[in-house]
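# Close look at the chain arrangement
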Amino acid sequence: MSSLPLLKDPLPCDVHLLNLRLMKHSDDDKQLGLVPKETSLLLLRHLPTDCSITAPSLACQSSQDTGSIVLEKLFTDLTVKQSKWTSLTLTGDLVEFDPKSEVQVPPMEIVGLQVKLT
């Protein structure tokens, strides 16, 4: 069984990758059919941490894990060319930001990011 490492490094322990899915062209574009776009939807969730619980399997250090990531440094063999904040359903306003900047995922929130990968 082979594996494909998607992420360069693990995410902070309190940030979870919920979904990464390719977007498709609109249904009314018959020529493109089911050809995927270069754009993907990335859903991230920042879970709460409780440092009063100690267990050998929990390597989380809440003081260091602030719910922030840098998209440019996230993927192994992919480059983020463009990034935008969006709603979870992709119907909200898109606000573009630099993939080199730090993305803060607020505690107890799920965020949607539209990313163009190459």
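Preceding this section is the structure that the text describes.
## Description of the side chain of His46
Mapped onto the fold, His46 is located in strand β2 (residues 36-46). Using a relative accessible area of 6% as the deciding quantity, one classes His46 as buried. A distance of 2.6 Å separates a polar side-chain atom of His46 from the backbone oxygen of Val105. Setting aside anything within four residues of it in sequence, one finds His46 in contact with Asp14, Val15, Thr66, Gly67, Val105, Pro106, Pro107, Met108 and Glu109.

## Let's talk about the pairing of strand β4 (residues 80-86)
Inspection of the sheet shows β4 paired to strand β7 (residues 110-117) by six bridges, in the antiparallel sense. Bridging across to β7, Ser83 finds its partner in Val115. Two strands pair when backbone bridges link them, and β4 and strand β5 (residues 95-97) are joined in this way by three bridges, in the antiparallel orientation. Looking at β5, one finds that Lys84 is bridged to Glu96.

## Describing the nonpolar core
Buried together is how nonpolar side chains tend to be arranged in soluble globular proteins. Membership of the largest hydrophobic core comes to 16 residues, with the highest contact counts inside it found for Leu44, Ile69, Leu71, Leu74 and Leu113. Counting only elements with at least two residues in this core, the list comes to β2 and β7. Looking at this core, the element that brings in the most residues is β7, giving four residues. In contact with Leu113, not counting residues within four places along its chain, are Ser40, Leu41, Leu42, Leu44, Leu71, Lys84, Trp85, Thr86, Phe97 and Val103.

## What to know about the environment of Leu43
Relative to the elements of secondary structure, Leu43 occurs in strand β2. Sequence-distant contacts of Leu43, that is, excluding residues within four places in its chain, are made with His16, Leu17, Leu18, Asn19, Leu88, Val111 and Gly112.

## Some remarks on the environment of Lys84
Following the sequence through the fold, Lys84 ends up in strand β4. In the structure, Lys84 is positioned 29 residues away from Leu113 in sequence and 5.6 Å away in space, judged by C-alpha atoms. The contacts of Lys84, once residues within four sequence positions are left out, are Leu94, Val95, Glu96, Phe97, Gly112, Leu113 and Gln114.

## Some details on unusual backbone geometry
We note that Met108 has phi near 65 degrees; this positive angle belongs to a residue other than glycine. Take Met108: it is sitting in the loop between β6 (102-104) and β7. Overall, Met108 belongs to the exposed group, its relative accessible area being 54%.

Scoring rules and cut-offs
- Residues numbered from 1 in each chain as written.
- Predicted model: local features only at pLDDT ≥ 70, side-chain atom pairs only at ≥ 80, totals over all residues.
- Heavy atoms only, no water.
- Helix = DSSP H or I, 4+ residues; strand = E, 2+ residues; numbered from the N terminus.
- Buried < 20%, exposed > 50% of the residue type's maximum accessible area, 1.4 Å probe, protein only.
- Polar contact = N/O pair within 3.5 Å; in protein donor to acceptor, adjacent residues only side chain to side chain.
- Contact = heavy atoms within 4.5 Å.
- Pairing = 2+ DSSP bridges.
- Core = buried A, V, L, I, M, F, W, Y, C linked by side-chain atoms within 4.5 Å.

Geometry only, nothing functional implied.
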